[in-house]
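Examining the three-dimensional arrangement
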Amino acid sequence: MNTMERRIGYDMLVALVTLLVFSLTCATVSSSGPTKLHDHVEQFRRNLLADGLGRTPPMGWNSWNHFSCQINEKIIRETADAHVSTGLSKLGYTYVNIDDCWAELNRDAKGNLVAKKSTFPSGIKALADYVHSKGLKLGIYSDAGYFTCSKQMPGSLGHEFQDAKTFASWGIDYLKYDNCNNDGSKPTDRYPIMTRALMMAGRPIFFSLCEWGDLHPALWGAKVGNSWRTTNDINDSWESMISRADMNEVYAEYARPGGWNDPDMLEVGNGGMTKNEYIVHFSLWAISKAPLLLGCDVRNMTKETMEIVANKEVIAVNQDPLGVQGKKVRMEGDLEIWAGPLSGYRVAVVLLNRGPRRIAITANWDDIGIPPKSVVEARDLWEHKTLMRPFVDKLTATVDPHACKMYVLKPVA
């Protein structure tokens, strides 16, 4: 049997197994009535068409935090170039995402979205082709309302299927979908329409729900998109960043491969926080399995910023295939211990000092999920060194104010 015959045989087998499973599934629920059958068919269809995206949290860049509406195709092209030249792309930073203000205020005669001629004269498809030529992916922005949040371009409410086909035809890989200027209906009514539209568009597109945690999207987002904002917009300050981490942590149990809690994009490198505060920011986003979407000007990053966002060991925690979001396991005033399991029986730990004074913080094994009396090897992810002596029952470190220590702990005995 030649290769072609084997391939045809394999495809036929897959089709027959799929048909058999579908038939048996329908038969088991048909006695429950047509409504139950329809629901089950729709769920099965969703499973068949699952996009396979977001098996780990997405990594890349978004234009909003640094550029707001002041974007153009030159900035996007140069940002794609910088992902490659800095080595960010090799670290996993793949998505180059255009946020609000990229389109003309009015659709064309056929009702299609049109790229803004003054800032994106080459059009989005040409831009996507350029980004793809760099081995990267292009993201775009729309809104589940009549206008986007800037009110400078149309939203997709009522145009979901048309816009999804447009995005697919341009080669778009990621859609951030905001919640402004809507018709007053619930996000749970409006967002699934775009889900269905993307499913039918003919191209896998990562679907990022941005309804600001309005209706607790962690509770329903997994059936609708690949990530969901759990918070209002972040700004480049310690108070904003740490409060977003707090709000996001509440929903830790709902994150999993294919669907992630999103506390908003990274501010590292924008200048409003200290180096230690940015390290806390990146550490908490990493252990929280949050999307790592840079929000600075990656064309002009400082060495200090690059050292933070290019920390391979911290990125590895975020991208760990187990896909379990870390959470707070102890809180004592300004002292917090965050922990989460990793593959290979390891545990990621962040010792966080939110207060104004340098202080010692202790992580006990029974708090972080390591069996008592275990002998543990500790890897310091920001110092890039394995600590000399093993630890039993607990680990203690002294932490500066508004700073953290981050470890991966591995039982060795």
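Below you will find a few notes about this structure.

What counts, and where the lines are drawn
- Residues numbered from 1 in each chain as written.
- Predicted model: local features only at pLDDT ≥ 70, side-chain atom pairs only at ≥ 80, totals over all residues.
- Heavy atoms only, no water.
- Helix = DSSP H or I, 4+ residues; strand = E, 2+ residues; numbered from the N terminus.
- Buried < 20%, exposed > 50% of the residue type's maximum accessible area, 1.4 Å probe, protein only.
- Contact = heavy atoms within 4.5 Å.
- Areas by Shrake-Rupley, 256 points an atom, 1.4 Å probe, with all protein chains shown as cover.
- 1 Å grid on protein atoms, 1.4 Å probe; cavity = no way out; pocket = protein on both sides within 12 Å on 5 of 7 lines; lining within 4 Å.
- Points joined across faces, edges and corners; volume = space filled by probe spheres on them.
- Nonpolar A, V, L, I, M, F, W, Y, C, P; charged D, E, K, R; others polar.
- Disulfide = S-S within 2.5 Å.
- Polar contact = N/O pair within 3.5 Å; in protein donor to acceptor, adjacent residues only side chain to side chain.
- Pairing = 2+ DSSP bridges.
- Axes fitted to C-alpha atoms, helices over the stretch in contact; angles between N-to-C directions.

**Overview of the overall build of the protein chain**
Along the backbone of the protein chain there are 12 helices and 17 strands. Buried positions account for 51% of the 413 residues belonging to the protein chain. Long-range contacts, defined here as pairs at least 24 residues apart, represent 70% of the contacts in the protein chain between residues at least 6 apart. Carbon and sulfur atoms provide 55% of the accessible area of the protein chain, an area that totals close to 18500 Å².

**A word on empty space enclosed by the protein**
If you walk through the whole model with that rule in mind, you get 1 cavity of 30 Å³ or more. Looking at the largest cavity, the residues that line it are Asn62, Asn97, Tyr174, Lys176, Ser208, Cys210, Arg229, Asp262, Asp264, Met265 and Leu293. Its residues placed into classes, the lining of the largest cavity shows 4 nonpolar, 3 polar and 4 charged.

**A short note on the state of the cysteines**
Tallied over the full model, the rule gives 2 disulfides. Through a disulfide, Cys69 is tied to Cys101; the S-S separation comes to 1.7 Å. Of the two residues, Cys69 sits in the loop between helix H3 (64–67) and helix H4 (73–85) while Cys101 sits in the loop between strand E2 (95–97) and helix H5 (124–133), which places them 32 residues apart along the sequence. For Cys69, a relative accessible area of 16% gives the class buried. For Cys101, a relative accessible area of 3% translates into the label buried. There is a disulfide in this structure between Cys149 and Cys180, and the S-S distance comes to 2.0 Å. Measuring the twist about the S-S bond at about 90°, one finds the Cys149-Cys180 disulfide to be right-handed. Separated by 31 residues along the polypeptide, Cys149 in the loop between strand E3 (137–143) and helix H6 (160–170) and Cys180 in the loop between strand E4 (174–178) and helix H7 (187–199) bring together distant segments of the chain. Here the disulfide map of the protein chain reads 1-2, 3-4, the bonded cysteines being numbered as they appear in the sequence. Its sulfur unpaired, Cys210 is 7.0 Å from the next cysteine sulfur, which belongs to Cys149.

**A closer look at the environment of His132**
For His132, the location among the structural elements is in helix H5. Discounting residues that sit within four places of it in the chain, His132 has contacts with Lys137, Leu138, Gly171, Asp173 and Arg203. Reaching out from His132, the side chain makes a polar contact with the side chain of Asp173 at a distance of 2.8 Å.

**Description of the sheet that holds strand E5 (residues 206–209)**
The 8 strands lie next to each other as E7-E6-E5-E4-E3-E2-E1-E8, forming an open sheet whose pairing is parallel. Across the chains shown, the open sheet's two edge strands, defined by having one partner strand only, are strand E7 (260–262) and strand E8 (292–294). Going from strand to strand, the sheet's axes swing by 25° on average, the running direction of each strand aside. The pairing of E4 with E5 spans 4 bridges and is parallel. Its bridge partner lying in E5, Lys176 is registered against Ser208. Sitting on the sheet, H5 is in contact with E2 and E3, with an inclination near 145° to E3.

Fair warning: the whole summary comes from geometry, so function is off the table for now.
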